[in-house]
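Listed here are the chains, written in short residue letters.
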Amino acid sequence: MQVFFSYFKLLLEDYTLQIITLGTAILGASCGMLGSFAVLRKQSLLGDAISHAALPGIALAFLLLGTKNSMAILLGALISGLIGTFWIRGMIKNTRLKSDTALGLVLSIFFGVGMLLLTYIQKQPNANQAGLDKYLFGQAATLLISDVWLLGIVTSISFIVLLFFWKELKLLLFDADYTRTLGFNIQFLDILITSFIVLAIVLGLQTVGVVLMSAMLLAPAAAARQWTNKLWVMVLLAATFGAFSGVIGTGISASYSGLSTGPVIVLVASFFVIISFIFSPERGILFKQLRKIKNRKDLKLFKTLSLMYDIAQTHEDISHPHQIAILNNFQGYSTKTLKELEEQKLIRLNGKMWNMTKNGYQKAAQLFNQNTGANE
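Residues numbered from 1 in each chain as written. Predicted model: local features only at pLDDT ≥ 70, side-chain atom pairs only at ≥ 80, totals over all residues. Heavy atoms only, no water.

Draft legend 1. The overall build of the chain, seen in detail. Secondary structure summary: the chain contains 17 helices and three strands in total. Projected onto its principal axes, the C-alpha positions of the chain cover 100 × 60 × 35 Å. The proportion of buried residues among the 376 residues of the chain is 45%. Sequence-distant contacts in the chain: of pairs separated by 6 or more residues, those separated by 24 or more amount to 70%. Element-wise, carbon and sulfur atoms account for 63% of the exposed surface of the chain, whose accessible area totals about 20,200 Å². Positive and negative charge centroids in the chain, built from 31 and 19 side chains respectively, lie 2 Å apart. (Helix = DSSP H or I, 4+ residues; strand = E, 2+ residues; numbered from the N terminus. Buried < 20%, exposed > 50% of the residue type's maximum accessible area, 1.4 Å probe, protein only. Contact = heavy atoms within 4.5 Å. Areas by Shrake-Rupley, 256 points an atom, 1.4 Å probe, with all protein chains shown as cover. Lys, Arg positive; Asp, Glu negative; His and termini not counted. Charge placed at Lys NZ, Arg CZ, Asp CG, Glu CD.)

Written out as structure tokens, the structure is:
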């Protein structure tokens, strides 16, 4: 805790740290927001393919200009990423290849070409090529105020576009055929959302790097998906998780020397995923297990109560006492089960005898009628 207090104090004083923190927060929010659509469209590998496809563009932009101009390099990465994206679309549409095969091919081919070009650049007698490898693993410390402005503008435009086309994009996500029958241009909508995803990935390369960028895109969205079934809530949660991942990851990196900011941000985002997978009320592993235990316990109680109901039906008086021994061969019976039924005031126990209460008889009859109706 003391470490974080020191970080916040440093944040108020250090202008560079303020820029880095703001930049990573905006990047995280943008990736979470747009990553929600990639996750729901089952295009989880798309982020990985695009980030790797951007690498040749980075190298070619440097070779053409001979300088590490960030705008030119990002433009080269964007063009290369878009080419890779539309190549994937073309292979899926015009061949018998499945999407995962097309994604894998583009990822490996573009990344191979990019690494080949980077190797060639590193061997050139040009001092300007130093630092190009930061696009592989990211280097948030190189963020400038101009980069943060660019991130903010792109994120704002993305948000406005999502609001403007919200209804159409929502329909496209869950029923593309129905969207087409309504007269919407699904190809335009598909290109629109894919282009913004590519743009978000390209802008994040400088901070997180080619290797880890897909995790930055998918982790906040995967975490948010565990908490809700509503699209707008998921997008909002994913943006929040992404922003907090950026801020907390930057804080940890700034507090401990030797820790790269990009990988730490991804680890924080992964922590949100783990927490969500375990503790979310509807889909979380913990609550699923608790519900399973409760259902098993309720089933055992109801089976025992049902047997008691069958026995009580043979007597006019439901309070007629019966020996506990007659339950001994029944699979659902246990002493603990009897105690729980007694605590719920469904039966009464008197030594080694039991009898049903009026409430217990009515509940058992209700369950019996429900099961009979379900079977019919």
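Moving on from the model shown.
Draft legend 2. Summary view of the packing of aromatic side chains. Per the stated rule, a full pass over the model turns up six aromatic pairs. Each residue in the set Phe164, Phe165 and Phe188 is aromatic and connected to the rest through ring pairs, giving one cluster. (Phe/Tyr/Trp six-rings, centres within 6.5 Å; stacked < 30°, edge-to-face > 60°.)

Draft legend 3. Fine view of the domain arrangement of the chain. When cut into domains, the chain gives domain 1 (2–281) and domain 2 (287–375). When each unit is reduced to the centre of its C-alpha atoms, the spacing between domain 1 and domain 2 is 57 Å. (Domains from an automatic or database assignment.)

Draft legend 4. Looking closely at the side chain of Thr85. Counting through the fold element by element, Thr85 comes out in helix H5 (residues 70–94). The class for Thr85 is buried, based on a relative accessible area of 3%. When near neighbours in sequence (up to four residues on either side) are disregarded, Thr85 contacts Ile50, Thr194 and Val198.

Draft legend 5. Local environment of the side chain of Ser51. Looking at the element boundaries, Ser51 is found in helix H3 (residues 44–53). Here the side chain of Ser51 touches Asp48 through a polar contact of 2.9 Å, landing on its backbone oxygen. One polar contact links Ser51 to His52, side chain to side chain, over a distance of 3.4 Å. (Polar contact = N/O pair within 3.5 Å; in protein donor to acceptor, adjacent residues only side chain to side chain.)

Draft legend 6. Seen up close, the layout of surface pockets. Quantified by volume, the largest pocket comes out at close to 690 Å³. The wall of the largest pocket is formed by 24 residues, among which Arg41, Gln43, Arg89, Ile92 and Asp190 lie closest to the centre. When contributions to the lining of the largest pocket are tallied by element, the ones reaching two or more residues are H3, H5, helix H6 (99–122), helix H9 (166–174), helix H10 (176–181) and helix H11 (186–204). Among the elements that line the lining of the largest pocket, the one with the most residues is H5, at seven residues. Residue classes in the lining of the largest pocket are distributed as ten nonpolar, seven polar and seven charged. (1 Å grid on protein atoms, 1.4 Å probe; cavity = no way out; pocket = protein on both sides within 12 Å on 5 of 7 lines; lining within 4 Å. Points joined across faces, edges and corners; volume = space filled by probe spheres on them. Nonpolar A, V, L, I, M, F, W, Y, C, P; charged D, E, K, R; others polar.)

Draft legend 7. Quick peek at the pairing of strand E3 (residues 353–356). As defined by bridge partners, strand E1 (residues 322–323) adjoins E3 across two bridges and the pair is classed as antiparallel. Along E3, the bridge assignment pairs Gln323 with Met353. Across four bridges, strand E2 (residues 347–350) lies against E3 in antiparallel orientation. For Leu349, the partnering residue across the bridge sits in E3 and is Trp354. With antiparallel pairing between neighbouring strands as the criterion, E2 and E3 make up a hairpin whose turn holds two residues, including Gly351 at a positive phi of roughly 65 degrees. (Pairing = 2+ DSSP bridges.)

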